[in-house]
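A closer look at the structure
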Amino acid sequence: MNIIICGAGEVGRHSAEVLATARNNITVIDESATKLAELDEVMDVRSLLGNGTQADVLLEAGCAKADLFIAATSSDEINLLAASIAKGVGATKTIARIHHSAFFEGRGFEYAKHLGIDHMVCPEYTTALAIASTLRNPGALAVEQFAKGMVEMQQLPVSEDAKVIGKKLREVVLPGPARVTAIERKGIASIPEADTVIGAGDVVTIIGEAKSFDKIRRVFQTEAARRRRVMIMGGSTQSVWLCRALKNRGFTVRLFEADRSRAEELSEKLNWVTVIHADAVNTDALQEERVDLADAFVGMTEDEETNILAAARAKSMGAAQAMAVLQRPTYLHLLEHIGIDKAFSPRGTAVTEVLRLLEAGPVRRLGSLSEGIAEIYEIEVTGTAVKIIGSQLKDIKFPKHCLIAAIQRDEDVFVPTADSKILEGDTVIAVAPSQSRNELRRMFGGRTLPLQGAGWMGLF
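Residues numbered from 1 in each chain as written. Predicted model: local features only at pLDDT ≥ 70, side-chain atom pairs only at ≥ 80, totals over all residues. Heavy atoms only, no water.

Below, the discussion takes up the packing of helix α9 (residues 237–246) against helix α10 (residues 260–269). α10 packs onto α9 with a crossing angle of 25° between their chain directions and a minimal axis gap of 12 Å. Taken together, the axis directions place α9 and α10 in an arrangement best described as roughly parallel. Crossing of α9 over α10 shows right-handed handedness. Residues Thr237, Val240 and Arg244 of α9 pack against Arg262, Leu266 and Lys269 of α10. Of the residues in the contact of α9 with α10, the class split is 2 nonpolar, 1 polar and 3 charged. (Axes fitted to C-alpha atoms, helices over the stretch in contact; angles between N-to-C directions. Helix = DSSP H or I, 4+ residues; strand = E, 2+ residues; numbered from the N terminus. Parallel < 35°, antiparallel > 145°, perpendicular 65-115°, else oblique. Left-handed = near helix turned anticlockwise from the far one by under 90°. Contact = heavy atoms within 4.5 Å. Nonpolar A, V, L, I, M, F, W, Y, C, P; charged D, E, K, R; others polar.)

Right under this line is the structure:
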């Protein structure tokens, strides 16, 4: 594929690194000769000095024949304009990296649609959702998110005294829209049937509505629910998204912000959060707010060194879990030694989102289910799926062992029944064997451009 990246910062550089290893032809545009020189020293990509919002620069970069254009500078306005112009001069698919919530959330105006941009990626938002899922589901072995965070997949170990033990799957009523898609027993995973009996120690894989998992977890795990104490350092937009994701989910949240005016603004905006005007690293605020009683501490400032120091300090003072948001992998090898339990990378999240969007057509593979017994697909139902739209599931001949786990329709998520219909604009989460991928593509009217190499999957 011919890929052009505007911006040689952290996200642009990492995108180039990952995509170049997959044998794509990469061109990177930046106005900094220093950044481009550093890029040339470490990877085999073409670099072009110039302004990515100027059509002549984009044409010189080969945008007229580009399969993909990624705008990944530090400026939302530049990214939006560059991606829009790139689309105008001929790029097949364009992606704009967005930081600010006003652009990403839209608030009544669809910027991407207006500017002709195919996708907008906001890694800070996705990272906040990932942190929220980790905090909300401490008993889950794994958590994955689909359909813009509205659908989740979780792996939950079944407690020894859970009420579902000995019951057939058909007898288990799950609160909220959800489905058991796999059961692992003694290390062997399988796709269950209606008569499969749940046993103690089983690991169940469930796909369902994200906001229902608090109740779903109680069906399989008997640990009593209690309000959990979370401390967050940094009043960034990313922190605001995290606070919103934790609202009404059984949390008490304390947010530390060193800038007084920002602290006052957040106090008015987040009235369910205790906002504390203090520097969590250089004051006694952590001790005064009893960090030793905290279930989790999250460092979320714009400075990763500060996040590391604060998280390490909180852990040393008794916080049960410490997390830090990092942009670069420089300090990863140190985190375990200083007590930090988990790191989150918006940069890595951005590249993961880009890679998911690289597949052309409506069917995208999201990952494997329980040791590869099946694949998880996200399917956008477009007007090309003429034989699917308006049909009831019981009348659609899906591939063998294919399960429609969830359907997102506008802002609603539901688990369909045999009588449910698939409509244009729906997002369908399907579980099916890997050999069913081509058949699903044919059914939903798309084809996939191959992305060679899979080395990106283990990168930070």
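Moving on, we come to helix α14 (residues 346–357). Across its 12 residues, α14 extends 16 Å between first and last C-alpha, which sits within 8% of the 16 Å expected from 1.5 Å per residue. Across the 12 residues of α14, 9 count as buried, placing the element largely inside the fold. Considered for burial, the residues of α14 that qualify are Pro346, Arg347, Gly348, Thr349, Ala350, Val351, Val354, Leu355 and Leu357. (Expected span 1.5 Å × (residues − 1). Buried < 20%, exposed > 50% of the residue type's maximum accessible area, 1.4 Å probe, protein only.)

Let's shift gears to the pattern of salt bridges. Taken as a whole, this structure holds 14 salt bridges when the rule is applied. Notably, a salt bridge pairs Glu124 with Arg97, separated by 3.0 Å at the nearest N-O pair. One end of the pair, Glu124, is in helix α7 (residues 123–136); the other, Arg97, is in strand β5 (residues 93–97), and 27 residues separate them in sequence. Since its relative accessible area comes to 7%, Arg97 is described here as buried. The partner of Asp426 in a salt bridge is Arg409, and the shortest N-O contact between them spans 2.7 Å. With a gap of 17 residues between them, Asp426 in the loop between β21 (412–414) and β22 (427–432) and Arg409 in strand β20 (residues 403–409) connect regions that are remote in the sequence. By sharing partners, the salt bridges in this structure join Arg262, Glu265 and Lys269 into a single network. (Salt bridge = Lys/Arg side-chain N within 4 Å of Asp/Glu carboxyl O.)

One open sheet accounts for 6 strands, arranged β14-β13-β12-β15-β16-β17; its pairing is parallel. Each edge of the sheet is formed by a strand with only one pairing partner; in this case those strands are β14 (274–277) and β17 (342–344). Strand-to-strand, the axes of this sheet are offset by a mean angle of 20°, without reference to chain direction. Pairing geometry for strand β15 (residues 296–299) and strand β16 (residues 322–325), over 3 bridges, is parallel. In the sheet register, Phe297 faces β16, and the bridge partner there is Ala322. α7 rests against β12 (228–233), β13 (251–257), β15, β16 and β17 of the sheet, and its axis sits at about 155° to β17. (Pairing = 2+ DSSP bridges.)

Right, let's get into the packing of aromatic side chains. Going through the model one piece at a time under the given rule, you end up with 3 aromatic pairs. Relative to Tyr111, the ring of Phe103 lies with its centre 5.1 Å away and its plane at 80°, an arrangement referred to as edge-to-face. According to the relative accessible area criterion, Phe103 is buried, its value standing at 15%. Taking the relative accessible area as the measure of exposure, Tyr111 reaches 24% and is therefore partly exposed. With centroids separated by 5.2 Å and ring planes inclined at 80°, the aromatic side chains of Tyr125 and Trp241 adopt a geometry described as edge-to-face. One end of the pair, Tyr125, is in helix α7; the other, Trp241, is in helix α9, with 116 residues separating them in the sequence. Judged by its relative accessible area of 21%, Tyr125 is partly exposed. (Phe/Tyr/Trp six-rings, centres within 6.5 Å; stacked < 30°, edge-to-face > 60°.)

With that settled, the discussion passes to the sheet that holds strand β3 (residues 46–49). The strand order across the open sheet formed by 6 strands is β3-β2-β1-β4-β5-β6, and the pairing between neighbours is parallel. A strand with exactly one partner marks an edge of an open sheet, and here the two such strands are β3 and β6 (119–121). For this sheet, the mean angle separating the axes of adjacent strands, direction not counted, is 20°. Judged from the 5 bridges that link them, strand β1 (residues 2–6) and strand β2 (residues 25–30) form a sheet pairing that is parallel.

Looking now at the side chain of Asp295. Relative to the elements of secondary structure, Asp295 occurs in the loop between α11 (285–288) and β15. Taking relative accessible area as the criterion, Asp295 reaches 9% and is therefore assigned buried.

Packing of α7 against α14 brings their axes to within 8 Å, and their N-to-C directions diverge by 105°. It follows from the interaxial angle that α7 and α14 lie roughly perpendicular. In contact with Pro123, Thr126 and Thr127 of α7, α14 contributes Pro346, Thr349, Ala350 and Glu353. Split into classes, the residues belonging to the contact of α7 with α14 amount to 3 nonpolar, 3 polar and 1 charged.

The next thing to look at is unusual backbone geometry. The backbone of Arg290 sits at a positive phi, close to 60°, despite the residue not being glycine. When you line up the elements, Arg290 lands in the loop between α11 and β15. The phi angle at His401 is positive, at roughly 70°, despite the residue not being glycine. Mapping His401 onto the fold places it in the loop between β19 (374–380) and β20.

Approximately 720 Å³ is the volume found for the second largest pocket. As for the second largest pocket, its lining consists of 35 residues, of which Thr73, Ser74, Ser75, Arg97 and His99 are closest to the centre. If you list the elements that add at least two residues to the lining of the second largest pocket, you get α1 (10–21), β2, α9 and α12 (304–316). Across the lining of the second largest pocket, the residue classes tally to 9 nonpolar, 16 polar and 10 charged. (1 Å grid on protein atoms, 1.4 Å probe; cavity = no way out; pocket = protein on both sides within 12 Å on 5 of 7 lines; lining within 4 Å. Points joined across faces, edges and corners; volume = space filled by probe spheres on them.)

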